[in-house]
Amino acid sequence: MTLFPRNFHRAVAVLAVSITSLMSPAQAAEEKVLNIYNWSDYIGPDTVANFEKETGIKVRYDNFDTNEILHAKLVAGKTGYDLVVPSSNWAKIQLEGGLLMPLDKSKIPNLKNLDPNLMKQLGSMDPGNAYITPWLWGITTLGINVDKVKAAIGGPLPENAWDLIFKPEYASKLKSCGISMLDSADEVFPAAMRYVGKPPYSKNSADYQVAADMLKTIRPYVTLFSSSGYINDLAGGSLCLSLGWNGDINIAAARAKEAKNGNNIVSLVPSTGAVLFFDTMAIPADAAHPENAHKFINYILRPEVNAELTNKVFYANGVPSSAKFIKAEVAANKTVFMTAEDLAKMVPPEAVNNDIRRLRTRLFTTFKTGR
Ligand code: SPD
């Protein structure tokens, strides 16, 4: 027995053909355009150009610096972007809110290249890995100018590296050589919460006040809030301590080395741990060019293309077979590819609800303005 009348399937097929014939050519075959919104300093020098050459698709590539900025755009809708790169814990909120489009996995054969362990981690935010695929991942940590920091504190580095920024005794000494922090509540609070012994993504609003009280004590010593410009400032020596991301800090180290300016920049892997992040590719629900976005995702997941990202921006990636294309000095860098022992100390990200996000933002603004 069938639930459908005898000619039902034929009628559907005829209807589909007629609808297609009514479509404009742009709808039938997507126009050759792709609008990408990604973090700054987060791509290889030829990644976009090679994709354009190969596919004839013209890419418009814009940058953001914080998850908050990307999220606000997605919530407002009509972003004009076809591919965005939220961190996994933000993507969870976005996909649950209907802001992202489910992936058509048949169009991304290179999904087979992805590390199953990483996909399992992403699955905790995106059940079934239905919406997001990895871009790069790393930790939110501290970058130091080793010589300047040692000279300013007048002795060895503290056992808990986080004391450098969160303990007034150290931060007060480092103010003169420049301290920066990421300009985002989403980055500063998880680190500060861990430091004061609270869960980094606590659901208890009182915990955030404890972190805010600690932050208030070190506010006079923070000379800059920056989520991208700090790379050059660290490289150039106008900052000696930055709360930033491990890859960015390694970019600063590479720039200083290239400039031969004597600044020895190191990305720390704190023995007391840090917070992990996983940045991911996603397609906004209202994207105008989803076909092209799928093509770009598939391209990025090629081992040699993925390796180009890591080689340039010093973050770990999700394609194990890219290893043979990674430069030896990058592969050997334990602040990019952490040891299993170090990795075990790191804390995975969690999503926080609207109320906590609002509270964090309010407390962060108070912290920044020094009230
Ligand atoms: N320079 C780009 C670095 C991107 C880092 N994304 C981190 C998000 C952590 N929540």
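About the cut-offs
Note on numbering: residues in each chain are counted from 1, in written sequence order. Whole-chain, interface and lining totals are the exception, using all residues; otherwise, since this is a predicted model, local features are given only for residues with pLDDT of at least 70 and side-chain atom pairs are given and counted only at 80 or more. Note that water and hydrogens are dropped before the side-chain values are worked out from all heavy atoms of the structure. For every domain, the bounds stem from an assignment made automatically or drawn from a database. Working rule for contacts: check all heavy atoms of both residues, and any pair within 4.5 Å makes them a contact. What makes a salt bridge here is a side-chain nitrogen of Lys or Arg within 4 Å of a carboxyl oxygen of Asp or Glu, nothing more. Any two cysteine sulfur atoms lying within 2.5 Å of each other are counted as a disulfide. What counts as a helix is a DSSP run of H or I of at least four residues, what counts as a strand is a run of E of at least two, and both are numbered from the N terminus. Accessibility here uses a 1.4 Å probe with only protein chains present; expressed as a share of the type maximum, an area under 20% marks a residue as buried, one over 50% as exposed, and anything in between as partly exposed. Pairing between strands requires that DSSP locate at least two bridges from one strand to the other. Residues are classed as near a molecule or strand on a simple rule: at least one heavy atom within 4 Å of it. Here a polar contact is taken to be a pair of N or O atoms separated by no more than 3.5 Å, where protein atoms must pair a possible hydrogen donor with a possible acceptor and residues adjacent in sequence count only if both atoms sit in side chains. With residues, only the protein chains shown are counted as cover, and all accessible areas are computed by Shrake-Rupley using a 1.4 Å probe. Axis definition: a line fitted to C-alpha atoms, over the contacting stretch in the case of helices. Angles run 0 to 180 degrees between N-to-C directions. Roughly parallel means an angle under 35 degrees; roughly antiparallel means over 145; roughly perpendicular covers 65 to 115; every other angle is labelled oblique. Crossings are assigned a handedness: left-handed for a near helix turned anticlockwise from the far helix by less than a right angle, right-handed for a clockwise turn.

**Quick word on the domain arrangement of the protein**
The figure often quoted for interface size is the accessible area lost as the parts come together.
Part 1: Splitting the protein by domain gives domain 1 (33-137 + 278-337) and domain 2 (139-276 + 350-369).
Part 2: Placing the centre of domain 1 and that of domain 2 at their C-alpha centroids yields a distance of 26 Å.
Part 3: Taken together, the contacts link 23 residues of domain 1 with 25 residues of domain 2.
Part 4: At the surface where domain 1 touches domain 2, the tally comes to one salt bridge.

**Some thoughts on the state of the cysteines**
Part 1: Enumeration over the complete set of coordinates arrives at one disulfide.
Part 2: Covalently, Cys177 is tied to Cys240 through a disulfide, its sulfur atoms 2.1 Å apart. With the S-S bond torsion at 60°, the cross-link from Cys177 to Cys240 turns out right-handed. In this pair, Cys177 sits in the loop between helix 9 (168-174) and strand 5 (179-181) while Cys240 sits in the loop between helix 12 (230-236) and strand 7 (241-245), placing the two residues 63 residues apart along the sequence.
Part 3: Its relative accessible area of 15% is what places Cys177 among the buried residues.
Part 4: Taking the relative accessible area as the measure of exposure, Cys240 reaches 0% and is therefore buried.

**A few points about the pairing of strand 4 (residues 133-145)**
Part 1: Counted residue by residue, strand 4 has 13 buried out of 13 residues, so it is predominantly covered.
Part 2: Across five bridges, the pairing between strand 4 and strand 7 is antiparallel. Looking at strand 7, one finds that Leu142 is bridged to Leu243.
Part 3: Relative to strand 8 (residues 265-267), strand 4 is paired through three bridges, and the arrangement is antiparallel. For Gly143, the partnering residue across the bridge sits in strand 8 and is Ser267.

**Some words on the side chain of Asn298**
Part 1: Positionally, Asn298 belongs in helix 14 (residues 290-300).
Part 2: Residue classification places Asn298 among the buried positions, given a relative accessible area of 16%.
Part 3: The contacts of Asn298, once residues within four sequence positions are left out, are Lys107, Ile108, Pro109 and Asn110.

**Side note on the site of the ligand**
Part 1: Contacts to the ligand come from 13 residues, most closely from Ser40, Ser87, Glu187, Asp248 and Asp279.
Part 2: A distance of 2.8 Å is found between a nitrogen atom of the ligand and a side-chain nitrogen or oxygen belonging to Glu187.
Part 3: Bound to the protein, the ligand loses 97% of the 340 Å² it would expose on its own.
Part 4: Taken together, the elements giving at least two residues each to the shell around the ligand come down to helix 10 (185-195) and strand 9 (275-281).
Part 5: Taken together, domain 1 (33-137 + 278-337) and domain 2 (139-276 + 350-369) each give at least three residues to the shell around the ligand, which thus spans both.

**Section: the packing of helix 11 (residues 205-218) against helix 18 (residues 354-369)**
Part 1: Close contact between helix 11 and helix 18 brings their axes to 10 Å; oriented N to C, the two are set at 15°. Judged on the interaxial angle alone, helix 18 and helix 11 are roughly parallel. In this structure, helix 11 meets helix 18 at a crossing whose hand is right-handed. Packed against helix 11, whose contacting residues are Ser205, Tyr208, Gln209, Ala212, Leu215, Lys216 and Ile218, the element helix 18 presents Ile356, Leu359, Arg360, Leu363 and Phe367 at the interface.

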